[in-house]
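# Tertiary structure, described
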Amino acid sequence: MKVNGYATQTATDKLTPFSFERRTPRPDDVVIDILYCGVCHSDIHTARNEWGGTMYPCVPGHEIVGRVSQVGDNVSQHKAGDMVGVGCLVDSCRTCSACNEGLEQYCEKGWTGTYNGVDKIGGTEFKQTLGGYSNFITVDQRYVLRLPENLNPAAAAPLLCAGITAYSPLKHWKVGQGQKVGIIGLGGLGHMGIKFAHAMGAKVVMITTSPDKGKDAQRLGADEILISKDKSAMKAAMSSFDFLFNTIPVGHDTEPYMKLLKRDSTMVLVGSVEPLTKVNGVDFIFQRRNMAGSLIGGLPETQEMLDFCSEHAIECDIELIDIKDINTAYDRTVSGDVKYRFVIDMATL
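In this report, the structure presented in the accompanying data block is examined. (Residues numbered from 1 in each chain as written. Predicted model: local features only at pLDDT ≥ 70, side-chain atom pairs only at ≥ 80, totals over all residues. Heavy atoms only, no water.)

## Structural notes on the packing of helix H4 (residues 162-172) against helix H5 (residues 188-199)
We count it as follows: Orientation is described by lines fitted to C-alpha atoms, with helices fitted over the stretch in contact, and by angles between N-to-C directions that extend from 0 to 180 degrees. Helix and strand definitions follow DSSP, with helices as H or I runs of at least four residues and strands as E runs of at least two, each counted in order from the N terminus. Any angle between 65 and 115 degrees counts as roughly perpendicular, while under 35 counts as roughly parallel, over 145 as roughly antiparallel, and the rest as oblique. Handedness of a helix crossing follows the sense of rotation of the near helix relative to the far helix, less than a right angle counterclockwise being left-handed and clockwise being right-handed. In this analysis, two residues are considered to be in contact whenever any of their non-hydrogen atoms come within 4.5 Å of each other. Here the term charged refers only to Asp, Glu, Lys and Arg, the term nonpolar to Ala, Val, Leu, Ile, Met, Phe, Trp, Tyr, Cys and Pro, and the term polar to all other amino acids, Gly among them.
It is at 8 Å that the axes of H4 and H5 come closest, and there the two elements cross at 50°. In terms of orientation, H4 lies oblique with respect to H5. When you trace H4 past H5, the crossing you get is right-handed. Contacts between H4 and H5 involve Ala162, Gly163, Thr165, Ala166, Tyr167 and Leu170 from the former and Gly188, Leu189, Met192, Gly193, Phe196 and Ala197 from the latter. Split by residue class, the contact of H4 with H5 holds eight nonpolar, four polar and no charged.

Quick look at the structure:
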């Protein structure tokens, strides 16, 4: 099945138009006409091989919203015409304890990414999966999500990565009423963390290096702003937080943030997939504090997140772009010039 999309052929090339093939639908497959695809920073890291291991050609995109055009004979969960979403994974082993618990993102045998994953199903000339910067995609029904009708499909696209990355740890660590929650960093992940924590009933504090971001954080639902460069303010806030959601995307000194936690409280890392520059054991030992990490969510939790967004009218703040502007969008994302997620209108392909 011929597909049109955008790809990069090397780590230094621009994204340009590219035609390729998807597999012919199997009995359990859903074919989705892609309407919108979010632009995640992971797309940029992968396209530019900044994490290593990129297989070329690379068609990025794992924040996909579209409409079902075909279903296989065994498909019972979706039908033609349904509005659906596809997130960061399109397959997993389906047999390990993580998959059996609906935690496919922690599949013990390794899940298959929506792009740059090893394609275990095959049927095309490429060994890797190719993502959502394209006009349609074929996905097993198990990995396709129902999009609630009241969500704006363009603004819902980044929920499939940025949204679930924020929702999963907040839910796992039971953020809720009466808690003081700090969101560290105001970007694609941070702005969703504010919205979710606020909807869950927590007192939300935006922790940022930039006072200029304060007003926007409050618009998004933050109750207070804490400037991390203000040593006196940070000292006054020590041992006062029940939970910290840390979106800083690079290695950094965790010590100033760990000191903000109460005894037995947790800071979760979702942004830094590289070595931290400094971790001080005393911050853990003397108050029995915890530092943890969290990935995306499994399929059941991602559907739960979409339904939560429907109930609470939560969507991503986006800038809709034509696909011809994708390379400019990459450069703007790297420089932080977006509030807070680019989304490609695939009708412009």
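## Re the pattern of salt bridges
Oppositely charged side chains can form a pair if their charged atoms are brought close together. Which entries qualify depends on this criterion: Put simply, a salt bridge is a Lys or Arg side-chain nitrogen that is within 4 Å of an Asp or Glu carboxyl oxygen. Three labels apply to residues, based on accessible area from a 1.4 Å probe with only protein chains included: buried if under 20% of the type maximum, exposed if over 50%, partly exposed otherwise in between.
One pass over the structure, following the stated rule, counts 24 salt bridges. Its salt-bridge partner being Arg94, residue Asp140 comes within 3.4 Å of it at the nearest N-O pair. Pair noted here: Asp140 is in strand S8 (residues 136-140) and Arg94 is in the loop between strand S6 (89-91) and helix H2 (97-100), with a separation of 46 residues, a long-range link. For Lys278, the salt bridge identified is with Glu255, shortest N-O distance 3.1 Å. With Lys278 in the loop between strand S14 (261-269) and helix H9 (282-285) and Glu255 in helix H8 (residues 255-258), the pair connects residues that are 23 residues apart, well separated along the chain. For Lys278, a relative accessible area of 40% translates into the label partly exposed. On the basis of relative accessible area, Glu255 is assigned to the buried category, the value being 15%. Each of Arg23, Arg26, Asp29, Asp91, Arg94 and Asp140 takes part in salt bridges that share partners, so that together they form one network.

## Examining the nonpolar core
Nonpolar side chains in soluble globular proteins tend to end up buried together. Threshold: Only buried residues count toward a nonpolar core, which is a set of Ala, Val, Leu, Ile, Met, Phe, Trp, Tyr and Cys residues joined through side-chain atoms within 4.5 Å.
With 88 residues, the main nonpolar core has Tyr133, Leu159, Ile194, Phe196 and Ile326 as its most contacted residues. By size, the runner-up hydrophobic cluster in this structure holds 16 residues, among which are Ile184, Leu226, Tyr257 and Leu261.

## Brief notes about the sheet that holds strand S13 (residues 241-246)
Remark on secondary structure: sheet strands pair via backbone hydrogen bonds, oriented parallel or antiparallel. The criterion, for reference: Whether two strands pair comes down to DSSP finding at least two bridges between them.
The strand order across the open sheet formed by six strands is S12-S11-S10-S13-S14-S15, and the pairing between neighbours is parallel. Sheet topology places strand S12 (224-227) and strand S15 (290-293) at the edges, where each strand pairs with a single neighbour. The sheet shows a mean angle of 20° between the axes of neighbouring strands, direction not considered. The pairing of strand S10 (residues 180-184) with S13 spans four bridges and is parallel.

## Some remarks on unusual backbone geometry
With omega at 0°, the peptide bond leading from Tyr56 into Pro57 counts as cis. As for its position among the elements, Pro57 is in the loop between helix H1 (41-47) and strand S4 (64-71). For the bond running from Lys339 to Tyr340, omega is -10°, close enough to zero to count as cis. With respect to the helices, strands and loops of the structure, Tyr340 is situated in the loop between helix H11 (326-334) and strand S17 (341-345). One non-glycine residue, Lys174, adopts positive backbone phi at about 55°. Topologically, Lys174 is positioned in the loop between H4 and S10. Although it is not a glycine, Ala313 sits at a positive phi angle of roughly 55°. With respect to the helices and strands, the residue Ala313 is situated in the loop between helix H10 (299-312) and strand S16 (318-322).

## Observations concerning empty space enclosed by the protein
Rolled over the atoms, a probe as big as a water molecule pinpoints where empty space is left. Where we set the bar: Detection works on a 1 Å grid of protein atoms alone, calling trapped sets that fit a 1.4 Å probe cavities and calling open sets with protein on both sides within 12 Å along at least five of seven lines pockets, with lining residues defined by an atom within 4 Å of a point. Grid points are joined across faces, edges and corners, and a volume is the space filled by probe spheres set on the points.
Counted under the stated rule, the structure contains two cavities of 30 Å³ or more. Taken as a whole, the largest cavity spans an internal volume of roughly 250 Å³. Lining the largest cavity are 19 residues; nearest its centre among them are Arg22, Arg23, Asp119, Thr129 and Thr138. When residues of the lining of the largest cavity are traced back to their parent elements, those giving at least two are S6 and S8. Take the lining of the largest cavity: its biggest share by element is four residues, from S8. Considered class by class, the residues forming the lining of the largest cavity number five nonpolar, seven polar and seven charged. For the second largest cavity, the calculated volume is near 90 Å³. Along its surface, the second largest cavity is lined by Gly87, Cys88, Leu89, Tyr143, Leu145, Leu160, Ile164, Ile296, Gly297, Gly298, Leu299 and Thr302. For the lining of the second largest cavity, the per-class residue count stands at eight nonpolar, four polar and no charged.

## So, H10
Counted only if it meets this: Each helix should span, by expectation, one fewer than its residue count multiplied by 1.5 Å.
Along its 14 residues, H10 runs 20 Å from first to last C-alpha, staying within 8% of the 20 Å computed at 1.5 Å per residue. Within H10, burial applies to Leu299, Glu301, Thr302, Gln303, Met305, Leu306, Phe308 and Cys309. On the buried face of H10, the contacting elements are S6, strand S9 (145-146), H4 and H5. Among the residues trailing H10, Ala313 stands out with phi positive, at a value near 55°.

## As for the layout of surface pockets
By volume, the second largest pocket is sized at about 250 Å³. Put simply, the parts of the chain that give the lining of the second largest pocket at least two residues each are H4 and H10. With four residues, H4 is the single largest residue contributor to the lining of the second largest pocket.

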